[in-house]
Amino acid sequence: MRILLDVMCGGLVSYLRMCNYDTAYAGDRRLKDDDDLLAVARAEDRTVVTRDVDLAGRADESILLESRDVEDQLAALDAAGLDLTPADDPDFCGRCNGPLEPVDSTASTPEYAPDPSVLEVRRCRDCGQHFWRGSHWDRVAETLSQIRGSTGSRPDET
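Quick summary incoming for the structure in this document. Quick caveat, the model's predicted, so the values are computed rather than measured. (Residues numbered from 1 in each chain as written. Predicted model: local features only at pLDDT ≥ 70, side-chain atom pairs only at ≥ 80, totals over all residues. Heavy atoms only, no water.)

## Some thoughts on the nonpolar core
The cut-off we apply is this: Residues belong to a common nonpolar core when they are buried Ala, Val, Leu, Ile, Met, Phe, Trp, Tyr or Cys residues joined through side-chain atoms within 4.5 Å. Exposure categories follow from relative accessible area, calculated using a 1.4 Å probe and restricted to protein chains: below 20% of the type maximum is buried, above 50% is exposed, and the middle band is partly exposed. Contact criterion: two residues are considered in contact whenever any of their non-hydrogen atoms come within 4.5 Å of each other.
Counting 23 residues, the largest nonpolar core has Leu5, Leu12, Leu16, Val49, Leu77 and Leu82 as the members making the most contacts within it. Leaving out residues up to four positions away in the same chain, Leu77 has contacts with Leu12, Leu16, Val49, Ile63, Leu65 and Leu82.

## Focus: the sheet that holds strand S2 (residues 22–25)
Inclusion rule: Whether two strands pair comes down to DSSP finding at least two bridges between them. Only runs of H or I of at least four residues qualify as helices and only runs of E of at least two qualify as strands under DSSP, and these elements are numbered from the N terminus. Axes here refer to lines fitted to C-alpha atoms; in helices the fit is confined to the stretch in contact. Angles between the N-to-C directions go from 0 to 180 degrees.
Sheet architecture is open: 4 strands sit in the order S2-S1-S3-S4, paired in parallel fashion. Two strands close off the open sheet at either side, each with one partner strand: S2 and strand S4 (62–64). Within this sheet the neighbouring strands show an average axis-to-axis angle of 25°, counted without direction. Relative to S2, strand S1 (residues 2–5) runs parallel, the two being bridged by 4 bridges. Following the sheet pairing, Ile3 is matched in S2 by Thr23.

## A closer look at the pattern of salt bridges
The line we're drawing: Should a side-chain nitrogen of Lys or Arg be within 4 Å of a carboxyl oxygen of Asp or Glu, the pair is scored as a salt bridge.
Considering all chains together, one arrives at 10 salt bridges under this definition. We note a salt bridge from Arg42 to Asp60, for which the minimum N-O separation is 3.2 Å. Of this pair, Arg42 sits in helix H2 (residues 34–43) while Asp60 sits in the loop between helix H3 (53–58) and S4, and the two are 18 residues apart along the sequence. Note on Asp60: relative accessible area 58%, which makes it exposed. Among the charged side chains, a network of salt bridges with common partners joins Arg2, Asp22, Arg29, Glu44 and Arg46.

## Focus: helix H4 (residues 70–79)
Those residues of H4 that sit buried are Gln73, Leu74, Ala75, Leu77 and Asp78. Note on H4: the residue one or two positions beyond its end, Gly81, has a positive phi of about 105°.

## Notes on the side chain of Arg122
Basically, it comes down to this: Polar contacts, as used here, are pairs of N or O atoms within 3.5 Å; protein pairs need one atom able to donate a hydrogen and one able to accept it. Residues neighboring in sequence count only if both atoms are side-chain atoms.
Relative to the elements of secondary structure, Arg122 occurs in strand S6 (residues 121–124). A distance of 3.0 Å separates a polar side-chain atom of Arg122 from the backbone oxygen of Pro90.

## Brief notes about the pairing of S6
Walk down a regular strand and you will see the side chains alternate between the two sheet faces. As judged from the 3 bridges shared by strand S5 (residues 100–102) and S6, these two strands associate in the antiparallel manner. Opposite Pro102, over in S6, you have Arg122 as the bridge partner. Taking the residues that link successive antiparallel strands as the turn, the S6-strand S7 (residues 130–132) hairpin has 5 residues, and the phi of Gly128 there is positive, at about 85°.

Structural data, given as structure tokens:
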């Protein structure tokens, strides 16, 4: 499933990308008008995720969320059938949704990133951002595990 999040659902961006969903965000694309957002969703065959009842009704495919709370939104996506398991090998950049590629263990990385000979590092081909499984990954994985466990849709993976 390819997803287009409207601006009211921006807190979901990194979670969905970490679960290997090709996730476009209306805020990143400066899509302010519903007609523009719907045109992109149709052109790119994306499911619109929104809190806007009218927008959801106009979209070819949509998931309507009621809550403003990100964890409640994630639970609603889980209940709608999205697999919210963090990917073993993430494909999408958390910053820009570009494709990620592994960084060779002998390559140098920016000062903010760990040594790839010590820890697996991935780099976005589009924006150059480096990613690795650190404390942020662990917090996201724990949040998603709790959500999956609380909705009962899939067994809790520990």
